[in-house]
Amino acid sequence: MIREFLYKYYIDPIRYGQAYTLVDTLTYALILIAAVYIVYRGLQRYKIAVDDELVLATMPFVVLGGLLRVVEDTGMITSDFRFLLITPLIFFTVFVVAAVALFAGKLAENAGLVARYSRVYGGVGIVACLLSTAALVWFGLSETTIALDVLVAILALASVSSLALWALLVYGAKWDYASNILYKLLIFGHMLDASATSYGIDIHPIHYVEQHVVGSNLIEATGTAFSMFLLKIAVLIPAIYILEMYKKEGSPGLWHLILLAMIVVGMAPGIRDMVRMVLYV
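In this text the structure is predicted, and so the values were computed from the model without any measurement.

A. Examining helix α8 (residues 213-222) more closely. Taken together, the buried positions of α8 are V213, G215 and I219. Take α8 and look down its axis: the buried residues cluster within an arc of 165°, on one side only. Among the exposed residues of α8, those pointing more than 90 degrees away from its buried face are V214 and A221. Phi turns positive, to about 85°, at G223, one or two residues after α8.

Given below as structure tokens:
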């Protein structure tokens with residue numbers, strides 16, 4: 001019975017690309033929360049400051065996660081290694097690469113080879129992104145297409161919606177702290193996710209589908225994928241307020257990690273969906 005449960009909710013969805021259920025969604029959410037705390041304790045132990053520098057240097061790895069997910073979508077990798085690039089296993093794959101780069105950067109800093117560990121850490125992420133992008137461009141040119149109009153449309157939609165929400169918070173609600181670069185990344189990441197989902201389901205010729213249980217139910221109830229913007233706004237506004245209150249009274253390091261985790265769950269799937277649509281895969 002336990003075996004059937006594991007296959008139904010965890011193994012088969014990964015193997016066959018099935019939609020998420022409430023069970024696996026809640027499970028992965030709990031794993032994410034636990035992972036954030038464990039990472040936080042590990043960084044404390046090795047005396048790596050959890051600050052803006054660390055979060056910003058991690059951004060290339062967030063982008064990398066989305067790009068690698070598309071590499072798997074293209075079918076370029078035919079061996080069982082492709083499962084390492086499927087959600088949720090890809091989070092662990094990218095985490096291992098990032099962790100190795102992070103501690104290599106710290107060792108280089110301690111040895112006096114570089115001024116700051118972030119140069120090595122972020123540099124590795126940037127190089128990995130460039131290599132992944134090169135592979136996807138090659139695939140687009142040789143196997144499918146590269147629809148630059150789709151890229152421009154989604155990025156424009158994400159930029160306009162991000163700017164509108166930021167202006168609402170800063171000028172409407174008078175939340176000056178929303179101008180923090182990390183909050184801006186949080187807003188853009190989730191608006192990118194909403195933009196890609198909306199475009200992919202309602203406009204793109206392939207007509208993609210939403211796999212996450214909350215989003216799919218909302219789209220079914222409203223009849224349009226553009227309702228994802230309302231969902232994102234309904235989550236982001238209270239989330240930013242609560243995060244700022246926690247920042248003032250809680251641990252700055254844990255605040256940075258929570259914010260990073262929230263950026264990841266918005267930006268990474270947004271990049272993946274956008275690139276998929278650009279390549280028509």
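B. Seen up close, the environment of S132. Its location among the elements puts S132 in helix α5 (residues 117-142). Classification of S132 by relative accessible area gives buried; the value is 8%. It is 7.5 Å that separates the C-alpha atoms of S132 and L64, two residues lying 68 residues apart in sequence. Among all residues touching S132, those that are not within four sequence positions of it are L64, L67 and L68.

C. Just the pattern of salt bridges, in detail. Inspection of the entire model under this criterion finds 9 salt bridges. We note a salt bridge from D73 to R69, for which the minimum N-O separation is 3.3 Å. Linking D73 with R69, this pair stays in helix α3 (residues 52-74), spanning 4 residues, or about one helical turn. Under the relative-accessibility criterion, D73 is labelled partly exposed at 23%. Across the salt bridge formed by R82 and E72, the nearest N and O atoms sit 3.6 Å from each other. Here R82, found in the loop between α3 and α4 (89-110), pairs with E72, found in helix α3; they are 10 residues apart in sequence, far enough to count as distant.

Procedures and definitions
- Residues numbered from 1 in each chain as written.
- Predicted model: local features only at pLDDT ≥ 70, side-chain atom pairs only at ≥ 80, totals over all residues.
- Heavy atoms only, no water.
- Buried < 20%, exposed > 50% of the residue type's maximum accessible area, 1.4 Å probe, protein only.
- Helix = DSSP H or I, 4+ residues; strand = E, 2+ residues; numbered from the N terminus.
- Arc of directions from axis to C-beta.
- Contact = heavy atoms within 4.5 Å.
- Salt bridge = Lys/Arg side-chain N within 4 Å of Asp/Glu carboxyl O.

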